Amino acid sequence: MSKSSNHVQLYVRAGWDGTGYGACPFCQRFYIVLDLKAKGHALTYDIISVNTARPPPEFRKFANRLPVLKHDDEVIMDTEEIQQYLDVHFPKPDLRYTNRDAHTACLDVFSKFSFFIKNVSHTPDHLLKELSYLDSYLDRTGNKFMCGDELTNLDCNVLPKLQHIRVASKAFKDFEIPGSMTYLWGYLANAYKNDTFKKTCPSDQEIVHHWSEKKETTPLPESKQKLYMVESTPRFSLDIPAFVNGHYRK
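Residues numbered from 1 in each chain as written. Predicted model: local features only at pLDDT ≥ 70, side-chain atom pairs only at ≥ 80, totals over all residues. Heavy atoms only, no water.

Under an unreviewed UniProt entry, the protein has the name Chloride intracellular channel protein 4-like and belongs to Biomphalaria glabrata. Word for word, the UniProt comment on the protein under Subcellular location (unreviewed entry) is "Membrane". (UniProt positions renumbered as here; feature names shortened; annotations may be inferred.)

Set out below in structure tokens:
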């Protein structure tokens, strides 16, 4: 393969069956980026699922974690280096951003969710504070997305995490993003209307399975185990619940 190749491979975490697409939010981040770049005719790509319990020998020769970007002889495993590589080598569309306020508004929301879902925090108070901060930022800006009306690298990073917050918090903790956070729900609604986000979004069952595998996570209540059975027809929470108050910005 020549160095001028515009074809890349993204290795992602496999799902519950060891072969299908899993629910790693860091993998989805770059799946979104690649799909947006492909729509801009900058590259073509393959998504390759890797069973982390039994990674194939050929994968172990060049990588030991996920996600991994492979382009010709280049193998990149660090997430920020993956982002930089794609920005430099495949610049169209330009997904870079310079809005520090936007960056700060969503900086800690996933860590606070992780503390909550893994029982480091026993109440959702810290998560609610970060979600409220994000909702207020979106209210002030009037943007469809974090930095404007088009997706940027920041959205590719934060939207998969918000989907995990929505699905996993409800499954394990009976916690839902408050309906009063209409600008945050509006942000999600705009993502749900985006073809690339819908294409790359894992099922609810895969998201729940992803967190079930972490020993710190509260076991899924027995009453919900059938609802989130991985063998059942995949379900996707890509709608806005009826409890959301008011009218979100479209």
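Looking at the element boundaries, Y97 is found in the loop between α3 (79-89) and α4 (100-105). Separated by 55 residues in sequence, Y97 and T152 place their C-alpha atoms 6.5 Å apart. Contacts of Y97, omitting those with residues within four sequence positions, involve H103, C147, T152, N153 and L154. A distance of 2.9 Å separates a polar atom in the side chain of Y97 from a polar atom in the side chain of H103. (Helix = DSSP H or I, 4+ residues; strand = E, 2+ residues; numbered from the N terminus. Contact = heavy atoms within 4.5 Å. Polar contact = N/O pair within 3.5 Å; in protein donor to acceptor, adjacent residues only side chain to side chain.)

On the UniProt side, "domain: CLIC N-terminal" (unreviewed entry) is annotated at positions that read residues 7-89 here. From the first C-alpha to the last, residues 7-89 spans 11 Å; its make-up is 36% helix and 25% strand.

Further remarks concern the nonpolar core. Within the largest apolar cluster, 71 residues are counted, with the highest numbers of intra-cluster contacts made by L86, L131, M146, L162, L184 and Y187. The greatest single-element share of this core, amounting to 10 residues, is contributed by helix α7 (residues 153-173). Beyond its immediate stretch of four places on either side in the chain, L184 contacts L131, L134, D135, L138, L162 and I177. (Core = buried A, V, L, I, M, F, W, Y, C linked by side-chain atoms within 4.5 Å. Buried < 20%, exposed > 50% of the residue type's maximum accessible area, 1.4 Å probe, protein only.)

A separate point is the pairing of strand β3 (residues 68-71). The pairing of strand β1 (residues 7-13) with β3 spans three bridges and is antiparallel. Following the sheet pairing, L10 is matched in β3 by L69. As defined by bridge partners, β3 adjoins strand β4 (residues 74-76) across three bridges and the pair is classed as antiparallel. Bridge pairing links H71 to E74 in β4. What sits between the antiparallel neighbours β3 and β4 is a turn of two residues, in which D72 has the positive phi angle 55°. (Pairing = 2+ DSSP bridges.)

With that out of the way, let us pick up unusual backbone geometry. Geometrically, the link from L66 to P67 is a cis peptide bond, its omega value of 0° lying close to zero. Along the chain, K92 connects to P93 via a cis peptide bond; the corresponding omega equals -10°. With respect to the helices and strands, the residue P93 is situated in the loop between α3 and α4. You will see that D72, though not glycine, has its phi angle at about 55°, which is positive. Position of D72 relative to the elements: it lies in the loop between β3 and β4.

The next subject is helix α5 (residues 109-117). Those residues of α5 not exposed but buried are V109, F110, F113, S114, F116 and I117. Looking straight down α5, one finds its buried side chains confined to an arc of 160°; they lie on one side. (Arc of directions from axis to C-beta.)

Glancing now at the packing of aromatic side chains. Evaluation of the coordinates by the stated rule reveals 13 aromatic pairs. Look at Y21 and Y31: their rings are 5.3 Å apart centre to centre, the planes differ by 90°, and that puts the pair in the edge-to-face class. Note that Y21 is positioned in the loop between β1 and α1 (25-39) and Y31 in helix α1, a separation of 10 residues in sequence. With a relative accessible area of 22%, Y21 lands in the partly exposed category. When the ring of Y192 is compared with that of F197, the centres are 6.1 Å apart and the planes differ by 40°; the resulting orientation is tilted. What links up through ring pairs into an aromatic cluster is the set F26, F110, F113 and W211. The ring of F62 has K70 lying over it, and the distance from NZ or CZ to the ring centre is 5.7 Å. (Phe/Tyr/Trp six-rings, centres within 6.5 Å; stacked < 30°, edge-to-face > 60°. Lys NZ or Arg CZ within 6 Å of the ring centre and 35° of its normal.)

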